[in-house]
Amino acid sequence: MNSDDRPSHCSEEEDVEETFVDDDDVADVVHYEGEEDGDDVAMDDEEEGEGEGEGEDEGGERNEVLLEDDSVQGFFAHKEPVFSIDLHPTQQNLVVSGGSDDRAYIWKLDTGEQVAELNKHDDSVSAVRFNNDGSLVATGGMDGKIHVYSVDKREKCATLDGPDEIQFVDWHPKGNVLLAGAQDSSLWMWLLPTGDFMHVFSGHGAPVTCGRFTNSGRNVVSGAEDGSLIVWDPKTAAIVQQFTSQDERFHQGAITSLAIARDDQVILTGSVDATAKLVHVNGSILASLGNATESVEAVGLCDVLPLAATGSVDGSLSIWDINTMRLRTTLRHDDSVTRVLWHESSPMLTSVSMDCSVRTWDGRTGECVRVWHGHQAGIMDVALTHDGRTAVTASDDGCCLVFSE
């Protein structure tokens, strides 16, 4: 899915009328005009002291490699694809990243300096996450192990076993309780830093693909490849609410991603069936958001306005009004959208893509306010500072880059 294409700057098109949500909606699309040559950095093959013939094709014409790098810093120790990245919640100069080199690192945002190389996993590191106060950091691997470290001491305090390949990790918003979802269709929960086992959550019939605590921490929500979405009670591991593909109104394919509204009442899910579903925790299915032509891989809910975002493998990024259930606008990347993040206390959102770009949009108007380039392969994950002005990315090219206004 990687693409070497470089996206161009964005321009606004005329708005079209809003349309009601159904699979045949026709949305307005924001296109991009060509880049100016002056925006690129030309890297000629010809350098001082080299022969005149180097860098020329058979016809004698000069070949140029045009590279554009808007990053202000980077971390390059991984050497292989980087899958997951997170920013420290209070010391926003600290980053943790993990990838297919089986390693995770803590490093500095401003200098790119390595702070700590964490213990090597026996397989790819698929998930990394700081806890709510930043005192602990967890790394989850495809080896089925989770390592937890003290951030200040740079020491490992627990190794957690039980599930098989780890798909995600998430910390309770108010305590040192860690949740993990696994390939074996289960979720596990532990108390840290002791590493005491608390619960196994069983109910999905296929690998768990996504999950997290609700914002209050009173529930756990998870999605799986069998198209099921489950709301759990973390105190007892009991199922509180469940949505399955047996209901034809719900997803008929694997769930890829989920987002939870600030008040924990509404959940948005994306699926390989090319739709997003908006559901209420009381069991109601509120809407099917279906204008994508391929899998919906990324979803997000805005905290300050009733807006939702859905990103697809077809490169579309759609903005929805969840009060009226109407499609507002469709924006576009040049390849699959892999991650969508709404900014804190703002109607702005940032998306990343396999087209190697980072784009920031105004969710109210659909205007693309910023485009950053620098990666040479698709972007797998992104984290934002609290003010939304700096993004740090994890890429298939083995690099982590920092972009800032």
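See the structure shown above.
Source: prediction; values computed, not measured. (Residues numbered from 1 in each chain as written. Predicted model: local features only at pLDDT ≥ 70, side-chain atom pairs only at ≥ 80, totals over all residues. Heavy atoms only, no water.)

Draft legend 1. Fine view of a negative patch on the surface. There is a patch of like negative charges on the surface, built from Asp122, Asp123, Asp164, Glu165 and Asp184. Here Asp122 shows up in the loop between β8 (114-117) and β9 (125-130). In this structure Asp122 comes out as exposed when scored by relative accessible area, which is 63%. (Patch = residues over 30% accessible without salt bridge, like charges linked within 9 Å, V, L, I, M, F, W, Y side chains within 5 Å. Areas by Shrake-Rupley, 256 points an atom, 1.4 Å probe, with all protein chains shown as cover. Salt bridge = Lys/Arg side-chain N within 4 Å of Asp/Glu carboxyl O. Lys, Arg positive; Asp, Glu negative; His and termini not counted. Charge placed at Lys NZ, Arg CZ, Asp CG, Glu CD. Helix = DSSP H or I, 4+ residues; strand = E, 2+ residues; numbered from the N terminus. Buried < 20%, exposed > 50% of the residue type's maximum accessible area, 1.4 Å probe, protein only.)

Draft legend 2. Unusual backbone geometry, seen in detail. Of note, the bond from Leu192 into Pro193 is cis; its omega dihedral lies within 30 degrees of zero at 10°. Mapped onto the elements of the fold, Pro193 is located in the loop between β15 (187-191) and β16 (196-201). Phi is positive for Asp102, close to 70°, though the residue is something other than glycine. Of note in the backbone geometry, Arg154 takes a positive phi value of approximately 60° without being a glycine. Among the secondary structure elements, Arg154 is positioned in the loop between β11 (146-150) and β12 (155-160).

Draft legend 3. Summary view of the sheet that holds strand β7 (residues 104-108). Here four strands make up an open sheet; going across it, the order is β5-β6-β7-β8 and the pairing antiparallel. Looking along the sheet, the strands with just one partner apiece sit at the ends: β5 (82-87) and β8. Neighbouring strand axes in the sheet, compared pairwise and without regard to direction, differ in orientation by 20° on average. (Pairing = 2+ DSSP bridges. Axes fitted to C-alpha atoms, helices over the stretch in contact; angles between N-to-C directions.)

Draft legend 4. View of the pairing of strand β10 (residues 136-141). The buried count for β10 comes to six of six residues, which makes it a mostly enclosed element. Burial of the side chains of β10 extends over both faces: Leu136, Ala138 and Gly140 are buried on one face and Val137, Thr139 and Gly141 on the other. The antiparallel hairpin formed by β9 and β10 contains five residues in its connecting segment, where Gly134 sits at a positive phi of about 80°. With five bridges connecting them, β10 and β11 associate as antiparallel partners. Bridged to Ala138 within β11 is Val148. Counted along the chain from β10 to the antiparallel partner β11, the turn is four residues long, and its residue Gly144 has a positive phi close to 80°.

Draft legend 5. Representation of the sheet that holds strand β29 (residues 337-342) in the model. Strands sit in the order β29-β30-β31-β32 across an open sheet of four strands; the sheet is antiparallel. A single partner strand is all that each edge strand has here, and the edge strands are β29 and β32 (368-372). Mean inter-strand twist for the sheet, computed between neighbouring axes without regard to direction, equals 15°. With four bridges joining them, strand β31 (residues 358-362) and β32 adopt antiparallel strand pairing. Paired with Val358 across the strands is Trp372, a residue of β32.

Draft legend 6. Region of interest: the packing of aromatic side chains. Throughout the structure, instances matching the rule amount to seven aromatic pairs. Measuring from centroid to centroid gives 5.0 Å for Phe75 and Trp107, while their planes differ by 5°, and the two rings are stacked. Of this pair, Phe75 sits in strand β4 (residues 73-75) while Trp107 sits in strand β7, and the two are 32 residues apart along the sequence. The exposure class assigned to Phe75 is buried, which follows from its relative accessible area of 3%. On the basis of relative accessibility, which here comes to 0%, the residue Trp107 falls in the buried class. Aromatic pair Phe201 and Trp232: ring centres 5.4 Å apart, planes at 80°, arrangement edge-to-face. Here Phe201 is found in strand β16, whereas its partner Trp232 is found in strand β19 (residues 229-233), with 31 residues between them in sequence. Both residues of the pair, Phe201 and Trp232, count as buried. (Phe/Tyr/Trp six-rings, centres within 6.5 Å; stacked < 30°, edge-to-face > 60°.)

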